[in-house]
Amino acid sequence: MPNIRPISDLRNNSNEISEFCRTSREPVFITKNGVGDMVVLSIEMYERQQAQLDLYSKLAESEAELATGSEGVGFVEFAKRLRNGVHGRV
């Protein structure tokens with residue numbers, strides 16, 4: 001069940017909302033005059049969502065390349081490039 005709160009709670013109970021977002025890993029939906037206005041989310045969950053969007057974007061790009069007949073790189077070549085890129089940085 002979504003947690004929906006009026007915008008006045010953001011001012012009056014910001015610590016409580018922050019704690020809820022961190023512990024439950026769920027967003028809080030803020031309303032203004034009874035209409036949805038914004039979403040409050042913990043930074044951890046925001047970063048996780050952004051990483052997922054980035055991954056989905058890269059997957060879509062790869063699928064589009066495959067659909068157009070792009071050759072791509074074999075596993076051995078990919079592993080070699082990855083090792084060369086990481087070597088000395090870990």
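Everything below is about the structure shown above.
Everything quoted here is computed from the prediction, not taken from an experiment.

J.: An account of the sheet that holds strand E3 (residues 35-40) is requested, with residue identities and associated values reported.
T.: Paired through their backbone hydrogen bonds, the strands of a sheet run either parallel or antiparallel. One open sheet holds the 3 strands; their spatial order is E1-E2-E3, and the pairing between them is mixed. Each end of this open sheet is capped by a strand with a single partner; those strands are strand E1 (3-6) and E3. On average, each strand axis in the sheet is inclined to that of its neighbour by 35°, with strand direction left out of account. Taken together, the 5 bridges between strand E2 (residues 28-32) and E3 define a ladder with antiparallel strand orientation.

J.: Tell me about the pairing of E2, residues and numbers included.
T.: Summarising the sheet, E1 and E2 pair through 4 bridges and their orientation is parallel. When the bridges of E2 are listed, Arg5 appears paired with Ile30. Linking E2 back to E3 in an antiparallel pair, the connection comprises 2 residues, with Asn33 at a positive phi of about 55°.

J.: Which residues make up a nonpolar patch on the surface, and what values do they have?
T.: Together, Val73, Phe75, Val76, Phe78, Leu82 and Val86 make up a nonpolar patch on the protein surface, roughly 620 Å² of accessible area in all. Structurally, Phe78 can be placed in helix H4 (residues 75-86). Phe78 sits in the partly exposed class, given a relative accessible area of 48%.

J.: Residue-level account of the environment of Gly72, with values.
T.: Take Gly72: it is sitting in the loop between helix H3 (43-67) and H4. Residue class for Gly72 comes out exposed when judged on its relative accessible area of 56%. Separated by 10 residues in the primary sequence, Gly72 and Ser62 have C-alpha atoms spaced 8.9 Å apart.

Rules of the game
- Every chain's residues receive numbers from 1 upward, in the order its sequence appears when written.
- The predicted origin of the model limits local features to residues at a pLDDT of at least 70 and limits the giving and counting of side-chain atom pairs to 80 or more, whereas totals for whole chains, interfaces and linings rest on all residues.
- For the side-chain quantities, the full set of heavy atoms in the structure was used; hydrogens and water were omitted.
- Any two strands with at least two DSSP-identified bridges between them are counted as paired.
- The way it works is that DSSP assigns letters per residue, a run of H or I at least four long becomes a helix, a run of E at least two long becomes a strand, and they are numbered from the N terminus.
- Helix axes are fitted only over the stretch in contact, all axes being lines through C-alpha atoms; the angle between N-to-C directions runs from 0 to 180 degrees.
- Exposure above 30% relative accessible area and the absence of a salt bridge qualify a residue for a patch, where like charges join within 9 Å and nonpolar side chains (Val, Leu, Ile, Met, Phe, Trp, Tyr) within 5 Å.
- All accessible-area figures derive from a Shrake-Rupley calculation using a 1.4 Å probe, and residue coverage is judged against the displayed protein chains alone.
- A side-chain nitrogen of Lys or Arg and a carboxyl oxygen of Asp or Glu constitute a salt bridge if their distance falls within 4 Å.
- Each residue's exposure class comes from its accessible area (1.4 Å probe, protein chains only) as a fraction of the maximum for that residue type: buried when under 20%, exposed when over 50%, partly exposed otherwise.

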